[in-house]
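Notes for the structure review
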Amino acid sequence: MRRPVLPLLPALTLLLMLGPVAAGIWGTLLPAFGHLPAAGLTGPSLEPFVALFDWPGLARAVLLSVTTGVGATVVSLAVVTLLLAGWSGTRQFRVLERLLSPLLSVPHAAAAFGLAFLIAPSGWIARLLSPIVTGWDRPPDILIVQDPLGLTMMAGLIIKEIPFLILISIAALGQAQAQNSVTIAQALGYGRVTGWLKTVFPCVYAQIRPPVYVVLAYSMSVVDVAVILGPNTPPTLSVQIVKWMSDPELSMRLLAAAGAIMQLALVVGALAFWRVGEIAFAHFGRRWIASGARGRCDPIIAQVALFSGGVSVLVVLFGLFVLAIWSVAGYWGFPDAFPDGFTSRNWMRHGPGAFAALGETAFIAVAVGFSALILTIGCLEAEYRHGLRVTQRAVWLLYLPLLVPQTAFLPGLQTLMLGIGAEVGRIPVMLAHLVFVLPYVFLSLSDPFRAWDARTGTVAAALGASPDGVLWRVRLPMLLRPILTAFAVGLAVSVGQYLPTLLIGGGRVATLTTEAVALASGGDRRAIGVYGLMQTGAALLPFAMALLIPTLVWRNRKGLRHE
Amino acid sequence: MNKGLFLRNIEISNGAQPLLTLSHDIAPGEVLTVMGPSGVGKSTLLAYITGTLSPDFTGSGSVVLDGRDITNAPAHKRHVGILFQDDLLFPHLSVGANLAFGLAPGGSPADRRAKIAEALAEVDLAGFEDRDPATLSGGQKARVALMRMLLSEPCALLLDEPFSRLDTALRAQVRDLVFIRARARSLPVLMVTHDAEDARAAGGRVITLEVQS
């Protein structure tokens, strides 16, 4: 009988999601305290930490991780909050929202390359302004990309986190009765922005807290964006951990493990610090509300927010555009705005490699996305059939794999796998991707799945349809659009994964993302253009399909359009 | 065999809070109307009978339909038809496919098509098989929903404020249609409503539930 399978799915899903995280942290803790039998070392000892603190770059690497991570989170949250405060519900906002949704799926690495191609001294902006405005006839000798303060890296994170936070907040707005509250506040003489911040923001923030924490943890420990845009000497702590991990010297793994524990402590510390900041902010917020201040510079704030949001969108779009130009550029001297000629030679040269990587990328993404979809539907259906209740604590469990920094547990997972003689390669990479894909697929599908009118199920059952019949013949077809969207989210997340592919694949699994990031140090802009575009396409195409397929399948079903 | 829907000592509570108690027999062709303000648990009573009670509630007492105790039967094996205030036609299926979903299994494809055509003709919707349900008027949808339910050959009929979304002119028309069809098939009917007009038109006994405290 198949009956016992469904109730087990939630437990299996949790195991697949949290098991690798727990195992990875365990596998990091052991070598961090000097225990690595594979290298003939048995602990416990504090030597790895002594070595870590002896590394002269530590203070700067730690500082960089904290400043870029916290900075990117604060700026993107501020822009998103003020954008919503000033513009939500307006025509301008709908335009921006429509532009932002596809940007969410642009992989971090492609957006980072695009940004670099725009603002580098020899980038497109310098070319457009030279020599007429700047007077440059050769690229100026200034360090913009990979600047020592990590400002460009922070910008690269911000342009990707803004779309994420906006779309999450829009989902939260629905439950906050935003429009009514703002209308009432305005009737009481409050400006739009001030009224929104005082009435709607507290409700919205309460709901978007977990994703904000994810943004903070992610930004502090990101590797691919840091490799492309971040400083080199020293790099951020996470990048240094990966460098140590790839050192052929096995003992360097101890250093990497100690660094990984340090990274975990940093993120936990930053999250705690953020929580304290929230409490302080709430305290001052309440006083601000009690003061009755109506807000005087609301229009200016709103304009600044709209400008920042617009710039962030344009940077990503023009970045991709420049990637596209480079991928077909012939000779392109500085300061010409466009290449002398366009050629297919770059694609002829890098195309075969890129298509091979595309195949690997797609194979992994489809397998992982499909597994995540099945597990998610199974969990949600088990919840529906057995009347399980989802508590706030369970929601945090879902966010847990996204809150633990990748650099804290993936090195340990790799070390653990080597220790037990497990083969690195494609299957472990898929399992590692699943850890990050599952939460996003679940978060994407759970709301529409739960919002389905249960009376439809009652009617179908009353007509004699079995529980499985109701699921397959009624519920899933009705939910085709959100299911395909969740699948597309899963594919995009898998396509963008860098560190799990690199570490768990042992360097032998070459996806578009690992190949593209590997090109960063070489600086071959034409190759980067080809790989970056392919990577973006691989993430965007599924979203286009998720829009198109339901429209075609249900073209004669008005009741299922525009949901 | 004892025909009819027998509700014996039914008690439903919301946690420790008792919601309603009811004990009643409904003979074939008879309509029992349950009235009461919203929140009194009328729909919960129907959920208990269809086997879709939310786990927030606990119910006891037995439901016997045509001599068969269905209290613990799975929802899809109870042969209890239900109509809600919304038509709840499956939006992804055509009108014909909606009816085919309801039509009890068996018979050749041609037979089944004929039965569906006949059902549509019976409610003045002949030739509507390929229509998208979203393009029908409110009255037409209500009629399709009724025929879909009747084609599944239920042994009892539950009505959950089934006419409250229809405007006054349509309301009487659809109501008569439902009661005439139910009586013609000798179905025991349990209707919950807060509309006195519906209760009068049903012509059967009326029970009024009070909020328990």
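This text goes with the structure placed above it.
About the cut-offs
- Residues numbered from 1 in each chain as written.
- Chains lettered and ligands numbered in written order.
- Predicted model: local features only at pLDDT ≥ 70, side-chain atom pairs only at ≥ 80, totals over all residues.
- Helix = DSSP H or I, 4+ residues; strand = E, 2+ residues; numbered from the N terminus.
- Rg over C-alpha atoms; globule rule 2.2 N^0.38 Å.
- Buried ≥ 20, exposed ≤ 12 C-beta atoms within 10 Å, placed from the backbone.
- Contact = placed C-beta atoms within 7 Å.
- Pairing = 2+ DSSP bridges.
- Axes fitted to C-alpha atoms, helices over the stretch in contact; angles between N-to-C directions.
- Parallel < 35°, antiparallel > 145°, perpendicular 65-115°, else oblique.
- Left-handed = near helix turned anticlockwise from the far one by under 90°.
- Nonpolar A, V, L, I, M, F, W, Y, C, P; charged D, E, K, R; others polar.
- Expected span 1.5 Å × (residues − 1).
- Arc of directions from axis to C-beta.
- Right-handed = clockwise from strand over helix to strand, strands pointing away.

On to the overall build of chain B. Helices and strands together make up the secondary structure of chain B, namely 6 helices and 9 strands. For chain B, whose C-alpha radius of gyration is 17 Å, the value lies close to the compact-globule estimate of 17 Å for 213 residues. Judged by the C-alpha coordinates and their principal axes, chain B covers about 50 × 35 × 30 Å. Within chain B, the proportion of its 213 residues that are buried is 42%. Sequence separation of 24 or more characterises 72% of the internal contacts of chain B that already satisfy a separation of 6 or more.

Time to look at the overall build of chain A. Looking only at helices and strands, one finds 24 helices and 0 strands in chain A. Against the compact-globule benchmark of 24 Å for 563 residues, chain A has a radius of gyration of 25 Å, which places it among compact chains. Over its C-alpha atoms, taken along the principal directions, chain A stretches across nearly 70 × 60 × 55 Å. Residues classed as buried in chain A amount to 49% of the 563 residues present. Considering only intrachain contacts with a sequence separation of at least 6, the fraction spanning at least 24 residues in chain A is 80%.

To continue, consider the sheet that holds strand E2 (residues 17-26) of chain B. Residues and elements named next belong to chain B. With antiparallel pairing, 4 strands are arranged side by side in an open sheet as E2-E1-E4-E5. At either margin of the open sheet sits one strand with a lone partner, and together these are E2 and strand E5 (68-69). Pairing analysis gives 2 bridges linking strand E4 (residues 57-65) to E5, with the strands arranged antiparallel. Bridge assignment links Leu65 to a residue of E5, and that residue is Arg68. Packed on one face of the sheet, helix H1 (residues 42-50) meets strand E1 (5-14), E2 and E4 and runs near 120° to E1.

Here we come to the environment of A:Ser101. Residues and elements named next belong to chain A. With respect to the element layout, Ser101 can be found in helix H4 (residues 91-104). Exposure remark for Ser101: the 14 C-beta atoms within 10 Å place this residue in the partly exposed category. Here the alpha-carbon distance between Ser101 and Thr233, two residues 132 residues apart in the chain, equals 36 Å.

With that settled, the discussion passes to the environment of A:Arg286. Looking at the secondary structure, you find A:Arg286 in helix H13 (residues 252-291). Assessed through the 12 C-beta atoms surrounding it within 10 Å, A:Arg286 is described here as exposed.

Once that is clear, we can look at the packing of helix H1 (residues 5-32) of chain A against helix H16 (residues 392-403) of chain A. Residues and elements named next belong to chain A. Running from N to C, H1 and H16 point in directions that differ by 40°, and their axes come no closer than 10 Å. With respect to each other, H1 and H16 are oriented oblique. The two elements H1 and H16 cross, and the hand of that crossing is left-handed. Touching Leu14, Met17, Leu18 and Val21 of H1 are Leu397, Leu400 and Pro401, all from H16. Partitioning the contact of H1 with H16 into residue classes produces 7 nonpolar, no polar and no charged.

The next subject is the environment of B:Ser43. Within the fold, B:Ser43 resides in helix H1. Looking at B:Ser43, the number of C-beta atoms within 10 Å reads 17, which means it is partly exposed.

This next bit is on the interface of chain B and chain A. Counting residues at the interface gives 24 residues for chain B, matched by 20 residues for chain A. Elements supplying a minimum of two residues to the side of chain B that touches chain A: strand E6 (80-83), helix H2 (95-102) and helix H4 (138-151) of chain B. Of the residues forming the side of chain B that touches chain A, the biggest block, 3 residues, is contributed by E6(B). Residues that form the side of chain B that touches chain A fall into these classes: 13 nonpolar, 9 polar and 2 charged.

What follows covers H16(A). Residue and element names in this part refer to chain A. Its 12 residues place the ends of H16 16 Å apart at the C-alpha level, agreeing with the 16 Å of an ideal helix rising 1.5 Å per residue. Among all positions of H16, only Leu398, Pro401 and Leu402 are buried. The buried residues of H16 occupy one face: seen down the axis, they fall within an arc of 120°. Pointing more than 90 degrees away from the buried face of H16 are the exposed residues Gln392 and Arg393. Looking at the packing, one finds that the buried side of H16 touches H1, helix H10 (201-221) and helix H18 (426-451).

With that out of the way, let us pick up the pairing of strand E8 (residues 189-193) of chain B. All names here are of chain B. With respect to burial, E8 is a largely interior element, 5 of its 5 residues being buried. Burial along E8 is two-sided: the residues Val189, Met191 and Thr193 and Leu190 and Val192 are all buried. As paired strands, strand E7 (residues 156-160) and E8 are joined by 4 bridges and run parallel to one another. The residue bridging Leu159 from the neighbouring strand is Met191, located in E8. Handedness of the crossover joining E7 and E8 through helix H5 (residues 168-184) is recorded here as right-handed.

Another aspect to go through is unusual backbone geometry. In this chain, A:Ser130 is followed by A:Pro131 through a cis amide linkage whose omega measures -5°. A cis amide bond, omega 0°, links A:Phe334 with the succeeding residue A:Pro335. Among the structural elements, A:Pro335 can be located in the loop between helix H14 (298-327) and helix H15 (345-385). Even without being a glycine, B:His79 presents a positive backbone phi close to 60°. Within the element layout of this structure, B:His79 appears in the loop between E5 and E6. Phi at B:Leu88 takes a positive value of approximately 55°, unusual for a residue other than glycine. By secondary structure assignment, the location of B:Leu88 is in the loop between E6 and H2. With 21 C-beta atoms packed within 10 Å, B:Leu88 lands in the buried category.

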